Amino acid sequence: PRGSTVLVFFFSALSSRVFAQPTALKNAATIAQFGPRGLVSVTDIGSGSRIDLSADEWSITIDGQTLRSEGAPPVVRKTAENEVTYSYPLSRCRVDAVYALKPEWHFVSKQLNAACASQSGFRVNEVVPWRLQVSTPVLSDFIPSVYVPHLGLKLEQSREKLSGKDFGEFLRFD
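This text gives an overview of the structure that appears in the document.

Criteria and thresholds
- Residues numbered from 1 in each chain as written.
- Predicted model: local features only at pLDDT ≥ 70, side-chain atom pairs only at ≥ 80, totals over all residues.
- Heavy atoms only, no water.
- Helix = DSSP H or I, 4+ residues; strand = E, 2+ residues; numbered from the N terminus.
- Buried < 20%, exposed > 50% of the residue type's maximum accessible area, 1.4 Å probe, protein only.
- Areas by Shrake-Rupley, 256 points an atom, 1.4 Å probe, with all protein chains shown as cover.
- Phe/Tyr/Trp six-rings, centres within 6.5 Å; stacked < 30°, edge-to-face > 60°.
- Pairing = 2+ DSSP bridges.
- Contact = heavy atoms within 4.5 Å.

### Topic: the overall build of the protein chain
Alright, step 1. Scanning the protein chain from N- to C-terminus turns up two helices and 12 strands.
Alright, step 2. Shown N-terminal to C-terminal, the secondary structure of the protein chain runs as helices and strands in the order α-β-β-β-β-β-β-β-β-β-β-β-α-β.
Alright, step 3. Looking at the protein chain as a whole, 30% of its 174 residues are labelled buried.
Alright, step 4. Accessible surface, the protein chain: about 11300 Å² in total, of which carbon and sulfur atoms supply 56%.

### Topic: unusual backbone geometry
Alright, step 1. Backbone geometry places Asp63, a non-glycine residue, at a positive phi of 50°.
Alright, step 2. Topologically, Asp63 is positioned in the loop between strand 4 (50–62) and strand 5 (65–68).
Alright, step 3. Even without being glycine, Ser91 reaches a positive phi, approximately 50°.
Alright, step 4. Along the chain, the position of Ser91 falls in the loop between strand 7 (83–90) and strand 8 (93–100).

### Considerations on the packing of aromatic side chains
Alright, step 1. Inspection of the entire model under this criterion finds six aromatic pairs.
Alright, step 2. Ring geometry for Tyr99 against Trp130: centres 6.2 Å apart, planes inclined by 70°, an arrangement best described as edge-to-face. Residue Tyr99 is found in strand 8, and its partner Trp130 is found in strand 10 (residues 124–134); the two are separated by 31 residues along the sequence.
Alright, step 3. On the accessibility criterion, Trp130 (31% relative accessible area) is partly exposed.
Alright, step 4. Each residue in the set Phe34, Tyr86, Tyr99 and Trp130 is aromatic and connected to the rest through ring pairs, giving one cluster.

### Structural notes on the pairing of strand 4
Note on strand geometry: in a regular strand, side chains alternate between the two faces of the sheet.
Alright, step 1. Alignment of strand 3 (residues 38–44) against strand 4, held across three bridges, turns out to be antiparallel. The partner of Thr43 across the bridge, within strand 4, is Arg50.
Alright, step 2. Where strand 3 folds back onto strand 4 in an antiparallel hairpin, the turn is made up of five residues, including Gly48, whose phi is positive at roughly 80°.
Alright, step 3. For strand 4 and strand 10, the ladder comprises eight bridges, and the chain directions are antiparallel. If you follow Ser59 over to strand 10, its bridge partner there is Val128.

### A short note on the environment of Leu101
Alright, step 1. When you line up the elements, Leu101 lands in the loop between strand 8 and strand 9 (109–116).
Alright, step 2. The sequence separation of Leu101 and Lys26 amounts to 75 residues, and the corresponding C-alpha distance is 7.1 Å.
Alright, step 3. Ignoring sequence-local partners within four residues, the contact set of Leu101 consists of Leu25, Lys26, Asn27, Thr30, Ala32, Asn82, Phe107 and Val108.

As structure tokens, this is what we get:
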């Protein structure tokens, strides 16, 4: 009887930590909705425009080993009034995906923090903080290419010398 009581209590505590989800971060301009795996929508309050996401994943390569958000179920907690943290226990590391929406912002930020056990240091080889799948129909997109006139390069030379160094993507929605 005593063992089953402890087990029920432990399961109850575990389920509330793993499955309870903060629903939203909100300021005067923006609402960010969250689900069990991360960001699920962002709404601009002034215009009523909303972008829905069907996936919000990330990856980080540490000492040649790639860790992905799909590798473990996250523990979700609201860590501040304007912050939600998803913690992933992966391999020898714990990775926290920290989302923030400050009072004056019209956007949501995402920061990845890695803490690895039994090492005095580690090398981060690559970080992919956003691997999103947008479920809202995209009308058009624009990817601005690199252009570094301060290095004395023309546009074509910039693209040739720094290929693949694009700075994000602009998406146009209805």
